Amino acid sequence: MAIMLIELGAVILGLGLIGRFAGRIRMSPIPLYLLGGLAFGHGGLFELSASEDFFQIGAEIGVILLLLMLGLEYTASELFGSLKTQYPSGAVDLLLNATPGAVAALLLGWGPAAVLALAGVTWISSSGVIAKVLTDLGRLGNRETPVVLGVLVLEDLSMAVYLPLLTAVLAGVGLAGGSVTLLIALCTVGLVLYTALRHGRLISRAVGTDNPEMLLLVVLGLTLLVAGLAQKLQVSAAVGAFLVGIALSGDTAEHARNLLAPLRDLFAALFFVFFGFSTVPADIPPVLLPALLLAGATLLTKIATGWYAARRAGIRTKGRWRAGGALVARGEFSIVIAGLAAGTHPRLGPLAAAYVLILVIVGPLTARWMEPAAGALRRRLGRRPPRPPSGADPGQAPPKTTASGRPPSTSLERLRARSSPT
């Protein structure tokens, strides 16, 4: 116990110092968290073994809290509106980003199960990493942020179909068994979405209380319970947590956000550190070249996806570049997929780990620098970007009142009013 407490204290203190340093140089701390985990994990400079189980559980809770906080920012009606407008972008996302993984697996001579798995690894962006990056950069109120979140929601909901399908392929079950698993997953997601849309206010009233302690315990307990049930029913735990956030609205959601924000930051940092812990540095060099090529190709396809999605939503040039740069990071889902399919080929696990590690480090950097780099390139080529009509950055949030002069009414408007986009 003494050794575990010393390790936990040292890691958490180190995270705090890293975070302060990252703040001074105006970058996201996520890449530094990951490199720290890589240095002190399996095969690193100094292995922290006594606290590994705690970090593993903390990492799972971190992903759940990140997705819960995302869900709390939207009502069910806003979610359905986003899905109705973003489904073409979701189709483009699947086509552009799953194809490179499938083609790479075929060129490497891997079997059908590995092809399906690597396609999923390259397709799914990391909702946890992107949510943290958008928060760190103060972009939750930007006009392109709902577009980014819409693409992420479509990806996360698609996991309710993809993961049962992959599990069935890996297990070698017949068409009937795979169909039953898939039907259970789809019915679970549909039921939760219907309940959130029709009875979200009743759920908020039942959960809501003026006592902060009781509200924290009820919301956190409900989220973990639903996430666990979702995982048991072959639906991602992260999707279950996101749907809980969608079901809560009004004052209950507002108070829950304020209470859960410190917990989210703590456990999200543990998630990124644990990801570094679980990667063995010696496994990376043999697969580094294919991982770099695959990362470079899918970096461009994700940027193209964000550009296309933002363009469909009427976002102007700067916001399109920001949307594309924000979607680059891969993370938790890619690691889950690689873990499920690790037995299909001995090189799949290390390749996926190297690929994700590259993009989870590069992703926060592209989110921060993609738009300034694109602007600098345009100026160097002698092309001036179009001037916004109001003189303000078209990617930033609107003023803190609506067009009628009233305070913001929807949760998205309140979110924009609270944020200070940069």
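The structure displayed is predicted, hence computed values, not measured ones. (Residues numbered from 1 in each chain as written. Predicted model: local features only at pLDDT ≥ 70, side-chain atom pairs only at ≥ 80, totals over all residues. Heavy atoms only, no water.)

**Q** In this structure, what is going on with the overall build of the chain? I would like to understand it.
**A** For the chain, the helix and strand inventory stands at 16 helices and 0 strands. Burial analysis of the chain (422 residues in total) assigns 50% to the buried set. Here the chain has roughly 19200 Å² of accessible surface; of this, 67% comes from carbon and sulfur atoms. (Helix = DSSP H or I, 4+ residues; strand = E, 2+ residues; numbered from the N terminus. Buried < 20%, exposed > 50% of the residue type's maximum accessible area, 1.4 Å probe, protein only. Areas by Shrake-Rupley, 256 points an atom, 1.4 Å probe, with all protein chains shown as cover.)

**Q** Can you walk me through the side chain of Ser89 in this structure?
**A** Inspection of the secondary structure puts Ser89 in helix α4 (residues 76-107). Taking relative accessible area as the criterion, Ser89 reaches 0% and is therefore assigned buried.

**Q** When you look at the pattern of salt bridges in this model, what are you seeing that I'm missing?
**A** Within the structure shown, the criterion is met by 6 salt bridges. The residue Glu144 makes a salt bridge to Arg322 at a minimum N-O spacing of 3.0 Å. Linking Glu144 in the loop between α6 (127-136) and α7 (145-171) with Arg322 in helix α13 (residues 317-326), this pair joins segments that are 178 residues apart in sequence. Taking relative accessible area as the criterion, Glu144 reaches 2% and is therefore assigned buried. For Glu371, the salt bridge is made with Arg322, and the minimal N-O distance between the two is 3.7 Å. Of this pair, Glu371 sits in helix α15 (residues 348-380) while Arg322 sits in helix α13, and the two are 49 residues apart along the sequence. Across this residue pair, the class does not change: Glu371 and Arg322 are buried. Through salt bridges with shared partners, a single network forms among Asp93, Glu155 and Lys302. (Salt bridge = Lys/Arg side-chain N within 4 Å of Asp/Glu carboxyl O.)

**Q** Would you mind showing me how to read a nonpolar patch on the surface here?
**A** Taken together, Val180, Ile184 and Leu233 make up a surface patch of nonpolar side chains, about 230 Å² in accessible area. With respect to the helices, strands and loops of the structure, Ile184 is situated in helix α8 (residues 175-207). (Patch = residues over 30% accessible without salt bridge, like charges linked within 9 Å, V, L, I, M, F, W, Y side chains within 5 Å.)

**Q** What is the right way to look at the environment of Tyr194 in this model?
**A** Secondary-structure assignment places Tyr194 in helix α8. On the accessibility criterion, Tyr194 (47% relative accessible area) is partly exposed. Linking Tyr194 and Ala247, residues 53 residues apart in sequence, is a C-alpha distance of 9.6 Å.

**Q** Help me understand helix α1 (residues 2-24) in this model?
**A** For an α-helix, 3.6 residues make a turn, and residues three or four places apart therefore share a direction. Its 23 residues place the ends of α1 33 Å apart at the C-alpha level, agreeing with the 33 Å of an ideal helix rising 1.5 Å per residue. What α1 keeps buried is the set Glu7, Leu8, Val11, Leu15 and Ala22. Here the buried face of α1 lies against α2 (30-39), α3 (52-72) and α11 (250-277). (Expected span 1.5 Å × (residues − 1). Contact = heavy atoms within 4.5 Å.)

**Q** How do you make sense of the packing of α1 against α11 when you look at a structure like this?
**A** Geometry of a packed helix pair, given as the angle between the helix axes and the separation of the axes. Closest axis-to-axis distance for the α1/α11 pair is 11 Å, and the angle between their directions is 100 degrees. The angle between the axes of α1 and α11 places the two elements in the roughly perpendicular class. Residues Val11, Ile12 and Leu15 of α1 lie in contact with α11, whose contacting residues are Leu266, Ala269, Leu270 and Val273. Among the residues making up the contact of α1 with α11, the classes are represented as 7 nonpolar, no polar and no charged. (Axes fitted to C-alpha atoms, helices over the stretch in contact; angles between N-to-C directions. Parallel < 35°, antiparallel > 145°, perpendicular 65-115°, else oblique. Nonpolar A, V, L, I, M, F, W, Y, C, P; charged D, E, K, R; others polar.)

**Q** Mind showing me how you'd approach α15 here?
**A** In a regular helix each residue adds 1.5 Å, so 33 residues correspond to 48 Å; α15 covers only 41 Å between its end C-alpha atoms and thus falls short of that length. Gly382 occupies a position one or two residues after α15 and carries a positive phi of about 80 degrees.

**Q** Where do I start with the side chain of Asn142 in this structure?
**A** If you trace the backbone, Asn142 turns up in the loop between α6 and α7. At a separation of 3.1 Å, a polar atom in the side chain of Asn142 contacts the side chain of Glu144. (Polar contact = N/O pair within 3.5 Å; in protein donor to acceptor, adjacent residues only side chain to side chain.)

**Q** Help me understand the confidence of the model for the chain, please; the structure alone is not making it clear to me.
**A** Residues with a pLDDT of 70 or more make up 84% of the chain, whose mean pLDDT is 79. For the chain, helix α16 (residues 411-418) is the element with the lowest average pLDDT, namely 46, and helix α12 (residues 288-312) is the one with the highest, namely 94. pLDDT under 50 marks residues 397-422. Its contacts with residues more than four places away, or in other chains, come to 45 contacts. (pLDDT = per-residue confidence, 0-100.)

**Q** I keep staring at the packing of aromatic side chains and nothing clicks. Help me out?
**A** What characterises a pair of aromatic rings is the spacing of the ring centres plus the angle enclosed by the ring planes. Per the counting criterion, the structure on display carries 3 aromatic pairs. Where Phe54 meets Phe55, the ring centres are 6.2 Å apart and the plane angle is 80 degrees; that geometry is what we call edge-to-face. For Phe55, a relative accessible area of 0% puts it in the buried group. Judged by centre distance (6.1 Å) and plane angle (85 degrees), the rings of Trp123 and Tyr162 are edge-to-face. Taken together, the positions of Trp123 in helix α5 (residues 112-123) and Tyr162 in helix α7 put the pair 39 residues apart, joining distant regions of the chain. Given a relative accessible area of 9%, Trp123 falls into the buried group. (Phe/Tyr/Trp six-rings, centres within 6.5 Å; stacked < 30°, edge-to-face > 60°.)

**Q** Got a minute to help me understand the environment of Glu73 in this structure?
**A** Its place among the elements puts Glu73 in the loop between α3 and α4. For Glu73, a relative accessible area of 9% translates into the label buried. Spatially, the C-alpha atoms of Glu73 and Gly245 are 7.7 Å apart, while their sequence positions differ by 172 residues.

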